[in-house]
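Each chain, letter by letter, is given below.
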Amino acid sequence: MSADIPVITVDGPGGAGKGELCLRLSKMYGFTILDSGAIYRVLAYAALKHQVSLADEPSLVKLAGELRLSFEPRDSGVAVMLDGEDVSRGVRNEETGGAASKIAALPGVRAALLDRQKAFRTAPGLVADGRDMGTVVFPDAPVKIFLDASPEERARRRVKQLESQGKAADYDKILAEIRERDNRDRNRAAAPLKPAPDALLLDSTELSIQEVVDTALAFAAKKLKPLS
Ligand code: DC
C-alpha cells in the first residue's frame, strides 16, 4: 500500500536550497524525487504556449488534465518533457516561474494536479520538493522539512547562479520578483506556503549546504528505518 512507502517532504520558498537538499537526501536513501514546482511550471509553460489566460481556471483545469508530462533522467540531471519535447530550459525562466505562481493560486488547478503528484509515491520511497508537500499532498509523510532563507540571501544566490551561467543578473529586480512570488505563494487561500505543524524548521540564510544536509539527515534518521 502506498501509505507504507516513506516520503520525505521538503517545502519552502524558491531559492532556499530545496533542490540541492532533495538531491542529497534522494542519493542517501535511494529514493526518487518529485519536483512538484516543475509540474506547475510545465502547466504554465503550456498555457503561455497555447495562449490560455492565466486567470481562466476552467481552461487551465482542462489543460492540466490533458498535460502529457514526464521526467526523464539524463547525465546532466532530469529532463522535463512536454508532449515528447524537452522543455527543461523553457520552464526554468523567470516568466514561467511567475506564471506558475499565478496559476498555482487557483484551487481547481491544484486539485487537477493532485493525483499526478501522489502517483510519485513508489517504493522504496520519495523525496517531495514543493510548497504544500507536507501540508496537503503527503500529510502522512514521516519526515517533513521546511527550508527557508531570507529574500535577500535567496536573491544573492540567484544572481550568483545566473552569473555562473554567463547571464546578466539585476539584484534589485530579482529581489522584487522573489518578494512578489513569496507574497502570492504565502498568502493564497488554497494550500498556502507554510510549514506543517510537525515539520523541522530550517533557515539556511547563514548555513552552508553541508550544515543543512547534516541537520536534515539527523532529523530523518530519527524517523526512518536505518539505511542498510
Ligand atoms: O519551486 P518552483 O519555483 O519551481 O515553483 C514554481 C511555482 O509553482 C511557485 O512559485 C509556486 C508553485 N508551486 C506550488 O504552488 N506548489 C508546489 N507544491 C510547488 C510549486
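See the structure above.
Residues numbered from 1 in each chain as written. Predicted model: local features only at pLDDT ≥ 70, side-chain atom pairs only at ≥ 80, totals over all residues. Heavy atoms only, no water.

J.: Tell me about unusual backbone geometry, residues and numbers included.
T.: Residue Ala 123 is joined to Pro 124 through a cis peptide bond whose omega torsion reads 5°. In this fold, Pro 124 is placed in the loop between α6 (107-118) and β6 (126-130). At Asp 83, a position not held by glycine, the phi torsion is positive, near 50°. Tracing the backbone shows Asp 83 in the loop between β4 (77-82) and β5 (85-86). Asp 83 gets classed as partly exposed once you look at its relative accessible area, which sits at 40%. With a phi close to 45°, Ala 191 is a non-glycine residue in the positive phi region. In this fold, Ala 191 is placed in the loop between α9 (171-187) and β8 (200-203). Overall, Ala 191 belongs to the buried group, its relative accessible area being 16%. (Helix = DSSP H or I, 4+ residues; strand = E, 2+ residues; numbered from the N terminus. Buried < 20%, exposed > 50% of the residue type's maximum accessible area, 1.4 Å probe, protein only.)

J.: Explain the side chain of Arg 41 residue by residue, including any values.
T.: Within the fold, Arg 41 resides in helix α2 (residues 36-49). For the buried residue Arg 41, which engages in no salt bridge, the nearest side chain bearing the opposite charge is Asp 35, 6.5 Å off. In this structure Arg 41 touches Val 91, Arg 92, Asn 93, Thr 96, Gly 97, Ala 100 and Arg 181, once residues within four positions along its chain are discounted. (Lys, Arg positive; Asp, Glu negative; His and termini not counted. Salt bridge = Lys/Arg side-chain N within 4 Å of Asp/Glu carboxyl O. Contact = heavy atoms within 4.5 Å.)

J.: I'd love a proper account of the sheet that holds strand β3 (residues 69-74), names of residues and values included.
T.: Strand order in the open sheet made by the 3 strands is β3-β4-β5, with antiparallel pairing throughout. Strand pairing shows two members of the sheet lacking a second neighbour, β3 and β5, which therefore form its edges. For β3 and β4, the ladder comprises 6 bridges, and the chain directions are antiparallel. Looking at the pairing, Phe 71 lines up with Val 80 of β4. (Pairing = 2+ DSSP bridges.)

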